[in-house]
Amino acid sequence: MKSHYRVVVIGGGVVGASVLYHLAKLGWRDVCLIERSVLTAGSSWHAAGGIHALNADPNIAQLQAYTIDLLSEIEAESGQNIGLHMTGGLTMAGTPDRWEWLQSAYRTFQSIGIHDCRLVSVEEAVALNPIMSGEGLLGGMWADREGYIDTTGTVHAYAGAAKKRGADVIEHNRVLELNQTLEGWEVVTEKGTVSCEHVVNAAGLWAKQVGRMAGVELPVSPLNHHYLISDTIPQLEDIDFEVPMTVDLEGFTYLRQDQKGVLLGIYEINHQHWMMDGAPWEYGFELQQEDPDRIENELILGFERYPCLQEVGVKTWVNGAFTFSPDGNPLVGPVPGKRGYWSACAVMAGFLQGGGVGKSLAEWMIHGAPEADVYGMDVARYGTWAENRQYIKETTGQFYTRRFVMTYPNEQLPAGRPLKTAGAYADMTAAGCQWGQSWDLEVPLYFAEPGFEETPSLRRSNAHAIVAAECKAVREKVGLLDITGFSRFEVSGPNAERWLDHIMASKLPKPGRARLAPMLAEDGRLKGDLTVFNWGDGTWWIMGSYYLRAWHMRWFNDHMEDGVTLRDLGDDTGGFSLAGPASRRVIEKLTDGPVGDLPFMGCGAFDIGLLRCKVGRLSVAGELGYEIHCRAGDHATLRRILLEAGADEGIREYGFNALLSLRLEKSFGIWNAEFTQGYTPGMTGMDRWIDWDKSFVGKDAALAERDGNGPAQVQVTLEIAAEGADASGYEPIWSNGTQVGFVTSGGFGHTTGKSLAMALIDRDQAAPGTEVSVHVVGVERAARVIPASPYDPDGKVMRE
């Protein structure tokens, strides 16, 4: 072990070994991995080792596909046999909703480039896996690229390949302390102290302790997971192929062959946490005692699905812990506020996602950004509120329990809620507000009569008419929307304007004005669809998506310069939006100031009743509107006085479900749908806001796109001949049997009476009037490209 390395990776499981390998592969050879015991001495040795390319998040699916492709490469490079068995896989549905969802998921996979899967009948599925009973099943999906590997061999293959590229692997050496220095980190181990520029926490079951060594409280917890390995099954001895990986979603089980028996794994409803503060340091190759009573119901379902198990014994029980995050996705990336400290934790499916995690993290460290859009596993998708022990326990338990449970797009899950609430939360709840969640905050979805319960559905729900009425109120009278769920950053200081001008690609607004502002990464891809306010007193606001607060703050801090003060106002400020033809009359009743004289995209400070507020004249709904911002403690008062002032104008509260419909009718994109860090300004139309005459982050790459061949796909609006259901995202778009794009978001336009979607589509298919088709909930529907903004295409209503 040397006294200095560029990177120290802590943890010798599959994730740590993959990170080490990818760092060396990309050219950083002065790197080492430190393991407290021996490689695999944690979760890796007892993992089931299943692999498959399918995932509902397309970016994670692509990383899983990368991992599968990589396995044979590291086997050849290292010379270590990884025991790869590519058996193919089945995912089975046993309820009408699940079968409908699976058909829809199949189309989603087509959208994201996974073409080696197909839908199968029950009869075909039973032929593919002859030990499976088809009773109660409705259909399934077959994927070619599924199977399993030898977990220990795979970890040693990653590590062996890394060592051949110059990396060091140091076993039997526990890390004792981490101390941040001006140059990076000091890693104190049992065998001495190592200095380095970067530390990677890939400690798995010990991630909690290694985080705390650096003053980081990661939202992770281990939970126990059971599987069994059966004795030899005579039926398997009689066939000349391995049965495929098989997931029985309604039975909460997965199965693969193990020699001439099977491995049956269970995601039980009655979950069990284990060592929430991290595993004991001496733990490694031990297991917990099996608990068949706790998993009895799922075992019965599994033995019914595979009747042959009723005739043979259990050779081995495994009850071991894996580490989970609140949403089940990994926690990867630079930890905000800890320069040089990187997370590679909570990779529940390490042998499936470990290759992609290692690739992305190594690219991030070396090049400044990963190739793929990895927000779904970015550690910055959580804030400090997620450090709470009860929150972690509730949410990780909920994820585990629901691993194979059907979740509907309009379903609100209860764990960790309510957490943060705006000042008017109680009053809005009494008024019938139904709540969703954005980051830590409860946000309004719609307002219903007492006793109303929304039915979870893949189709238009029983709240459809409620949302329609809210949209009608906004378009014809005036609607009131709680906008506490927008992010707000205050920028001040002598260099504030210069700094903003550099990180924003647009022109900056003049005093008393606001402007839409794309923000780009160095590679020219989007980093934000923001709004900048110039309040005219030396202070500026940046507004964006509330759930990106920590993510954007990390970006801002990484690009900060002297003479700039940046403050996150997300916990200090709330507000409401007025939108609709009567909105000016409502707000003018409450102030003597010239608020009615504000031009479109104008802003200023005004007295609103007893409150001093900041007001901007803009509206995501596409109507005449005002965003009114107040102190968090004034939120309930602001709501009350706005409702009182609007009573004669027919004011009605509405929620974000209605805003989805209203903004689709204006072809207004949103982050994580039309705009992501995987897309460019040219693809999304954000290039129309760029000021090409100035210098800004990402300009060279943006110019290359503008002056080159341009993007292959561009954003359009679609009208879909849908019935009873609407597109929501990642549905494939077809032209004469060829896939030409995919939906980024969709819904019903209640004003236009049309099912609408926004989409990325091949440029030669983007002209208005082009006829295409779209799969909606698995059913192909006719569609056509229409001009942007089907409601008020000239934008006169917003500007009047």
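Relevant structure appears above.
Values in this document were obtained by computation on a predicted structure and should not be read as measured data.

Draft legend 1. Quick look at the sheet that holds strand 21 (residues 479-482). Reading across the sheet, the six strands line up as 28-29-30-27-21-31 and stay open at both edges, with mixed pairing between neighbours. Edge positions in the sheet fall to strand 28 (603-608) and strand 31 (652-653), since each has one partner strand and no second. Here two bridges tie strand 21 to strand 31, and the two strands are oriented parallel to one another. The partner of Leu480 across the bridge, within strand 31, is Glu653. Where helix 16 (residues 635-646) meets the sheet, its contacts fall on strand 21, strand 27 (573-579), strand 28, strand 29 (611-616), strand 30 (625-631) and strand 31, and the angle it forms with strand 27 comes to roughly 15°.

Draft legend 2. The pattern of salt bridges, seen in detail. The full count for this structure, using the stated rule, is 47 salt bridges. A salt bridge links Lys2 to Asp30; the shortest N-O distance between them is 2.8 Å. Pair noted here: Lys2 is in the segment before strand 1 (4-10) and Asp30 is in the loop between helix 1 (14-25) and strand 2 (31-34), with a separation of 28 residues, a long-range link. Judged by its relative accessible area of 28%, Asp30 is partly exposed. The residue Lys359 makes a salt bridge to Glu371 at a minimum N-O spacing of 2.7 Å. You can see Lys359 sitting in helix 9 (residues 350-367) and its partner Glu371 sitting in the loop between helix 9 and helix 10 (389-401), a full 12 residues away along the chain. Each of Lys208, Arg212, Glu217, Asp277 and Arg389 takes part in salt bridges that share partners, so that together they form one network.

Draft legend 3. Main features of the environment of Gly358. With respect to the helices, strands and loops of the structure, Gly358 is situated in helix 9. A C-alpha to C-alpha distance of 9.4 Å links Gly358 and Thr67, two positions 291 residues apart in sequence. Sequence-distant contacts of Gly358, that is, excluding residues within four places in its chain, are made with Ser18, Val19 and His22.

Draft legend 4. The arrangement of the packing of helix 12 (residues 464-476) against helix 17 (residues 656-664) in detail. Contact geometry for helix 12 and helix 17: axes closest at 9 Å, N-to-C directions at 60°. Between helix 12 and helix 17, the crossing angle belongs to the class labelled oblique. You can see that helix 12 and helix 17 cross each other, and the crossing is right-handed. Of the residues in helix 17, those in contact with Val467, Glu470, Cys471, Val474 and Arg475 of helix 12 are Asn657, Ala658, Ser661 and Leu662. Considering only residue class, the contact of helix 12 with helix 17 consists of five nonpolar, two polar and two charged.

Rules behind the numbers
- Residues numbered from 1 in each chain as written.
- Predicted model: local features only at pLDDT ≥ 70, side-chain atom pairs only at ≥ 80, totals over all residues.
- Heavy atoms only, no water.
- Pairing = 2+ DSSP bridges.
- Helix = DSSP H or I, 4+ residues; strand = E, 2+ residues; numbered from the N terminus.
- Contact = heavy atoms within 4.5 Å.
- Axes fitted to C-alpha atoms, helices over the stretch in contact; angles between N-to-C directions.
- Salt bridge = Lys/Arg side-chain N within 4 Å of Asp/Glu carboxyl O.
- Buried < 20%, exposed > 50% of the residue type's maximum accessible area, 1.4 Å probe, protein only.
- Parallel < 35°, antiparallel > 145°, perpendicular 65-115°, else oblique.
- Left-handed = near helix turned anticlockwise from the far one by under 90°.
- Nonpolar A, V, L, I, M, F, W, Y, C, P; charged D, E, K, R; others polar.

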